[in-house]
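Residue-level structural notes
In case you want the letters, here they are:
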Amino acid sequence: MTEVPSESRPARPIMALGGLEVARFDASRQAWFRLSVPELTIRAGERICLVGRSGSGKTTLLEVLGLLSCPDALDRYDLSPYGDGRLLSVQEPILAGQATVLSAIRSRTMGFVLQDGGLLPYLSVRDNALLAAELAGQRGREIGERIEALAAAMGIERMLDRLPAGLSGGQRQRSAVLRAMASAPVILLADEPTAALDGATANEVMQVMVNAAKATGATLVMVSHNEDLATRYGFTVRRLETHTGSGGETSTLAPLPQQVQSA
Ligand SMILES: Nc1ncnc2c1ncn2[C@@H]1O[C@H](COP(=O)(O)OP(=O)(O)OP(=O)(O)O)[C@@H](O)[C@H]1O
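Everything in this summary refers to the structure shown in the same document. Predicted model only: the values in this text are computed from it and were never measured.

Reading guide: rules and limits
Residues numbered from 1 in each chain as written. Predicted model: local features only at pLDDT ≥ 70, side-chain atom pairs only at ≥ 80, totals over all residues. Heavy atoms only, no water. Buried < 20%, exposed > 50% of the residue type's maximum accessible area, 1.4 Å probe, protein only. Helix = DSSP H or I, 4+ residues; strand = E, 2+ residues; numbered from the N terminus. Arc of directions from axis to C-beta. Contact = heavy atoms within 4.5 Å. Pairing = 2+ DSSP bridges. Near = heavy atom within 4 Å. Polar contact = N/O pair within 3.5 Å; in protein donor to acceptor, adjacent residues only side chain to side chain. Areas by Shrake-Rupley, 256 points an atom, 1.4 Å probe, with all protein chains shown as cover. Nonpolar A, V, L, I, M, F, W, Y, C, P; charged D, E, K, R; others polar. Axes fitted to C-alpha atoms, helices over the stretch in contact; angles between N-to-C directions. Parallel < 35°, antiparallel > 145°, perpendicular 65-115°, else oblique. Left-handed = near helix turned anticlockwise from the far one by under 90°. Salt bridge = Lys/Arg side-chain N within 4 Å of Asp/Glu carboxyl O. Core = buried A, V, L, I, M, F, W, Y, C linked by side-chain atoms within 4.5 Å. Expected span 1.5 Å × (residues − 1).

This part covers helix α3 (residues 99-109). Taken residue by residue, α3 has Leu102, Ile105, Arg106 and Thr109 as its buried positions. Down the axis of α3, the smallest arc covering the buried residues is 100°, so these residues share one side. The inward-facing, buried residues of α3 abut β4 (76-79), β5 (88-89), α2 (91-95), β6 (110-113) and β7 (187-191).

So this is what it looks like as structure tokens:
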């Protein structure tokens with residue numbers, strides 16, 4: 001058998017999902033919204049940016065990927081909770097709405113960064129990060145040390161004992177990245193992490209997020225309206241295309257262009 005050189009082998013899948021359908025009735029517009037993802041495979045260490053016009057279902061898709069919401073149909077969703085190539089099917093717990101099982105997998109596998117940081121306002125940055133690690137079942141001195149090392153690499157070591165309200169927008173987002181990375185997740189999911197920031201600060205936060213993911217080998221899945229910024233930081237853009245029909249709107253995740261697929 002001929003050994004395939006490791007640099008030409010595609011990285012192992014971390015998330016592989018197919019046949020995803022979501023249908024929601026938007027009462028404010030009295031119209032249906034449908035999301036369809038025929039196939040999505042994300043490989044270890046990849047950086048994926050979900051784009052599409054406002055209301056195209058980017059957050060909806062991120063929430064399904066993050067085991068936070070239940071789709072109407074799902075043929076397959078395999079995840080690698082330890083990032084080691086072994087895939088676990090989460091289709092059944094998702095469709096059965098097994099919240100405890102999903103929460104355990106989610107805290108072990110994933111970290112989240114939200115547009116407004118999503119930090120608990122009554123905890124210091126350090127305690128926000130420690131709590132996230134604890135929820136992932138990680139405690140002990142080495143976790144505290146990991147948080148200090150990450151904070152130093154992100155240039156926020158002096159913010160560790162501050163409350164989120166005392167931070168600038170950029171410091172808050174860097175702290176949110178720190179919190180999300182505190183448990184060394186396999187996958188970092190970020191929903192418009194730089195949308196509330198000016199251009200220079202958005203660049204700083206993006207740099208910090210990409211560096212932190214590179215340092216731990218984490219896979220990054222981000223929702224953003226800023227395609228240029230995402231491309232500059234090495235993200236592969238995946239587009240939700242929306243069509244309006246008589247019954248409402250349908251968004252479909254477009255397949256990757258051929259040249260990217262075979263690269
Ligand atoms: N809880 C809900 N119930 C019903 N409809 C919803 C709900 N949440 C979102 N929607 C609808 O689902 C569609 C997709 O919303 P979603 O927030 O996922 O889009 P988005 O691409 O992330 O938008 P934006 O770029 O504006 O943040 C929209 O039509 C929205 O009105």
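From this point, the narrative continues.
What follows deals with the sheet that holds β6. Pairing in this open sheet of 10 strands is mixed, and the strands run β5-β4-β1-β2-β10-β9-β3-β8-β7-β6 from one edge to the other. Unpaired on one side and paired on the other, β5 and β6 mark the two borders of the sheet. Across 5 bridges, β7 lies against strand β8 (residues 219-223) in parallel orientation. When the sheet's bridge partners are listed, Leu188 is paired in β8 with Leu220.

Take the site of the ligand next. For the ligand, the set of nearby residues contains 15 residues, the closest of which are Asp26, Arg29, Ser54, Lys58 and Thr60. Taking Arg24, its side chain carries an N or O atom lying 3.2 Å from a nitrogen atom of the ligand. In this structure, Gly57 approaches the ligand through a main-chain N or O atom, which is 3.0 Å from an oxygen atom. For the ligand, whose accessible area on its own is 630 Å², the fraction buried by protein is 66%. Elements supplying a minimum of two residues to the shell around the ligand: β1 (13-26) and α1 (58-65). In terms of residue class, the shell around the ligand is built from 2 nonpolar, 7 polar and 6 charged.

When strand β3 (residues 47-51) meets strand β9 (residues 236-245), the two strands line up parallel, connected through 4 bridges. Its bridge partner lying in β9, Cys49 is registered against Val237. With 6 bridges connecting them, β9 and strand β10 (residues 248-253) associate as antiparallel partners. Counted as the bridge partner of Leu240 is Leu253 from β10.

At a closest axis distance of 9 Å, the pairing of helix α6 (residues 169-181) and helix α7 (residues 199-216) adopts a crossing angle of 15°. As far as their axial angle goes, α7 and α6 are roughly parallel. For the element pair α6 and α7, the recorded crossing hand is right-handed. Touching Gly170, Gln173, Arg174, Val177 and Met181 of α6 are Thr201, Glu204, Val205, Val208, Met209, Ala212, Ala213 and Thr216, all from α7. Considering only residue class, the contact of α6 with α7 consists of 7 nonpolar, 4 polar and 2 charged.

Further remarks concern the pattern of salt bridges. Evaluated as defined, the whole model comprises 11 salt bridges. The partner of Asp84 in a salt bridge is Arg86, with the nearest N and O atoms 2.7 Å apart. Residue classification places Asp84 among the partly exposed residues on the basis of a relative accessible area of 37%. Residues Arg139 and Glu134 are paired through a salt bridge, measuring 3.6 Å at the closest nitrogen-oxygen approach. By relative accessible area, Arg139 is classed as exposed at 56%. Where salt bridges share partners, they join Asp26, Arg29, Arg53 and Glu249 into one cluster.

Turning next to the nonpolar core. Taken as a class, soluble globular proteins show a tendency for nonpolar side chains to be buried jointly. Judged by nonpolar contacts, the single largest core of 39 residues is most densely connected at Met154, Val177, Leu178, Met209, Met222 and Phe235. Among the elements of the structure, β3, α4 (125-135), α5 (141-154), α6, β7, α7, β8 and α8 (227-232) are those that each provide at least two residues to this core. With 8 residues, the single largest contributor to this core is α7. Leave out the neighbours within four places in its chain, and Phe235 touches Arg47, Ile48, Cys49, Met206, Met209, Val210, Leu220, Met222 and Ala230.

We now examine α5. Relative to the 20 Å expected for 14 residues at 1.5 Å per residue, α5 spans 20 Å between its end C-alpha atoms, a close match to the ideal helical length. Among the residues making up α5, those that are buried are Ile143, Ile147, Leu150, Ala151 and Met154. All buried residues of α5 fall inside an arc of 100° around its axis, so they share one side. When the buried face of α5 is taken as reference, the exposed residues oriented beyond 90 degrees from it are Arg141, Glu142 and Ala153. Buried residues along α5 sit against α4, α6 and α7.

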